[in-house]
Every structure is written in C-alpha cells, then in structure tokens.
Amino acid sequence: MDIILYHNPRCSKSRQTLQLLEQKNVKVSIVEYLKTPPTRRQLDGILRGLDMVPRELMRTKETEYKEQGLDDQRLSRDQLVDAMVATPKLIERPILMVGNKVAIGRPPENVLTILP
C-alpha cells in the first residue's frame, strides 16, 4: 500500500510528522507539494478522504489567500480547488495518505490514526 506524505521541509509540523513516521519505521513516499503540487484529481481525493470542503484545507492567513480574494463566500468549490492547485502554498500541511485514508499532521500524532 502506498503511503504518501505531502511535505514542506520548511514547516516544523511537516518535519515533525516525517520524523514521527521515520521513528515508527513507516516507509513513506515524500511529495514536496510546493515543487510538485497535487493535481486537481489528487486534491479532490484528499478532500474526500478528509471529508472537508476546500476552505477547511486552506491556509487562510497566507497573503495569497487575501490577494486572490479567496475569502469571498460566493466562490464555488471548483474555484477554491483551482486556487489551491495554482497556489499550493494555500494547502494546509502536512498531509498523509494511506490508500484512501487521509490525515493532516496537526498535531503530527494525527497521522498515526490512519496507519495500518
């Protein structure tokens, strides 16, 4: 089973999550999502796995969120997903995917709940 960590090495929570997984001897594929953003399809899968709407997965305090007018409540789900694909910095991190299960590593221990 593929275990994928959407990771930002500059983020302390992301580094802590990776360290926790390494301590548990979990073999994980690391995707630095700022360099290799998830596709629209992958992001839809992440949102479904988390049972979230796009805004719940967005980093609303980022400058880009306000600059792009993403606080407009009239924006559709598709528009918000498109914004996250175009500007991956807006995606909350880290995200662990184990098959069709998904968890956000905030706190890092959250990811342990979906490990086999």
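Everything that follows concerns the structure shown earlier in this document.
About the cut-offs
- Residues numbered from 1 in each chain as written.
- Predicted model: local features only at pLDDT ≥ 70, side-chain atom pairs only at ≥ 80, totals over all residues.
- Heavy atoms only, no water.
- Helix = DSSP H or I, 4+ residues; strand = E, 2+ residues; numbered from the N terminus.
- Rg over C-alpha atoms; globule rule 2.2 N^0.38 Å.
- Buried < 20%, exposed > 50% of the residue type's maximum accessible area, 1.4 Å probe, protein only.
- Contact = heavy atoms within 4.5 Å.
- Areas by Shrake-Rupley, 256 points an atom, 1.4 Å probe, with all protein chains shown as cover.
- Lys, Arg positive; Asp, Glu negative; His and termini not counted.
- Charge placed at Lys NZ, Arg CZ, Asp CG, Glu CD.
- Core = buried A, V, L, I, M, F, W, Y, C linked by side-chain atoms within 4.5 Å.
- Pairing = 2+ DSSP bridges.
- Axes fitted to C-alpha atoms, helices over the stretch in contact; angles between N-to-C directions.

### Comments concerning the overall build of the protein
Logical step 1: When its secondary structure is counted, the protein shows 4 helices and 4 strands.
Logical step 2: Shown N-terminal to C-terminal, the secondary structure of the protein runs as helices and strands in the order β-α-β-α-α-α-β-β.
Logical step 3: The C-alpha atoms of the protein give a radius of gyration of 14 Å, which matches the 13 Å a tight globule of 116 residues would have.
Logical step 4: With 116 residues in all, the protein has 46% of them scored as buried.
Logical step 5: Considering only contacts within the protein whose residues lie at least 6 apart along the sequence, 62% involve residues at least 24 apart.
Logical step 6: Carbon and sulfur atoms make up 47% of the accessible area of the protein, which amounts to about 6800 Å² in all.
Logical step 7: One way to put it: in the protein the 19 positive side-chain charges average out to a point 4 Å from where the 15 negative ones average out.

### What about the nonpolar core?
Logical step 1: Ile46, Leu57 and Ile95 are the most contacted members of the largest nonpolar core, which totals 21 residues.
Logical step 2: Of all the secondary structure elements, the ones that give two or more residues to this core are α2 (40-50), α4 (77-86), β3 (95-98) and β4 (101-104).
Logical step 3: If we skip the residues at most four places from it in the chain, Ile95 touches Ile4, Leu5, Tyr6, Ile46, Leu57, Val102, Ala103 and Ile104.
Logical step 4: In this structure, Leu5, Val26, Leu96 and Val98 belong to the second largest nonpolar core, which totals 11 residues.

### A look at unusual backbone geometry
Logical step 1: Residue Pro94 is reached from Arg93 by a cis peptide bond, and omega for that bond is -15°.
Logical step 2: Relative to the assigned elements, Pro94 resides in the loop between α4 and β3.
Logical step 3: Here the amide bond leading from Arg106 into Pro107 is cis, since omega sits at 0°, within 30 degrees of zero.
Logical step 4: Here Pro107 shows up in the segment after β4.
Logical step 5: Positioned with a positive phi, Asn25 is a non-glycine residue whose angle comes to about 60°.
Logical step 6: Here Asn25 lies in the loop between α1 (12-23) and β2 (29-32).
Logical step 7: Here Asn25 falls in the exposed class, since its relative accessible area comes to 70%.

### Digging into the environment of Ile46
Logical step 1: Take Ile46: it is sitting in helix α2.
Logical step 2: For the pair formed by Ile46 and Leu57, sequence separation is 11 residues and the distance between their alpha carbons is 9.4 Å.

### What about the sheet that holds β2?
Logical step 1: Pairing is mixed in the open sheet, where 4 strands are placed in the order β2-β1-β3-β4. Lying at the two open borders of the sheet, with one neighbouring strand each, are β2 and β4. Taking the axes of each pair of neighbouring strands and ignoring which way they run, one obtains an average angle of 20° across the sheet.
Logical step 2: Two elements, strand β1 (residues 3-7) and β3, share 4 bridges in a ladder whose sense is antiparallel. By the bridge assignment, Ile3 is partnered in β3 with Val98.
Logical step 3: α1 contacts β1, β2 and β3 of the sheet and is inclined by roughly 155° relative to β1.

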